[in-house]
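# What the coordinates show
Read off the chains here:
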Amino acid sequence: AESLCRGLLKGLNAMPPQTSPEEAKQLYLWKRFIAWEKDDPMHTGPNTMKRRVMFAYEQCLLVFAHHPEIWLEAAYFLENTGKNLPKKEDSVAWIDEAAALYERAISHFMKQNQ
């Protein structure tokens, strides 16, 4: 995990997409780290894995809040993974969390346009 974090710049201010090589590199590094968390290499189980993945997405959104694809990927993760949980109440909770994330994304971008 430590080698996956190498190169991630966590202290950047969120800015609208610039399409620069450095921005592309950072997006790649964040997506690689998030994919690693999704693979659940420590076999922590679905709820702990969800917390770890969503923490990684939240950290990524601190830098890439203006990139809608990150918001969508995080919400898709919750929605799609939640649908496959054996307990219906767990599934509903994950899908509700996805809906709340969609709402946050919409409110974030609506504030930007006012």
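In what follows, the accompanying structure is described. This structure is a prediction, so every number in the text was calculated from the model and none was measured.

## Side note on the nonpolar core
- Judged by nonpolar contacts, the single largest core of 27 residues is most densely connected at Met54, Tyr57, Phe64, Ile70, Phe77, Leu78 and Leu101.
- Counting only elements with at least two residues in this core, the list comes to α2 (21-38), α3 (46-64), α4 (68-83) and α5 (88-112).
- The dominant element in this core, judged by the number of residues it contributes, is α3, at 9 residues.
- The residues touching Phe64, leaving out its near neighbours within four places in the chain, are Glu23, Gln26, Leu27, Trp30 and Ile70.

## Details of α3
- An ideal rise of 1.5 Å per residue puts 27 Å on 19 residues; α3 measures up with 25 Å between its terminal C-alpha atoms.
- Here α3 has its buried residues at Met49, Lys50, Val53, Met54, Ala56, Tyr57, Cys60, Leu61, Val63 and Phe64. All buried residues of α3 lie within an arc of 165° about the axis, which places them on one face of the element. Turned more than 90 degrees from where α3 packs its buried face, Arg51, Phe55 and Leu62 sit exposed.

Rules used in this analysis
Residues numbered from 1 in each chain as written. Predicted model: local features only at pLDDT ≥ 70, side-chain atom pairs only at ≥ 80, totals over all residues. Heavy atoms only, no water. Core = buried A, V, L, I, M, F, W, Y, C linked by side-chain atoms within 4.5 Å. Buried < 20%, exposed > 50% of the residue type's maximum accessible area, 1.4 Å probe, protein only. Helix = DSSP H or I, 4+ residues; strand = E, 2+ residues; numbered from the N terminus. Contact = heavy atoms within 4.5 Å. Expected span 1.5 Å × (residues − 1). Arc of directions from axis to C-beta.

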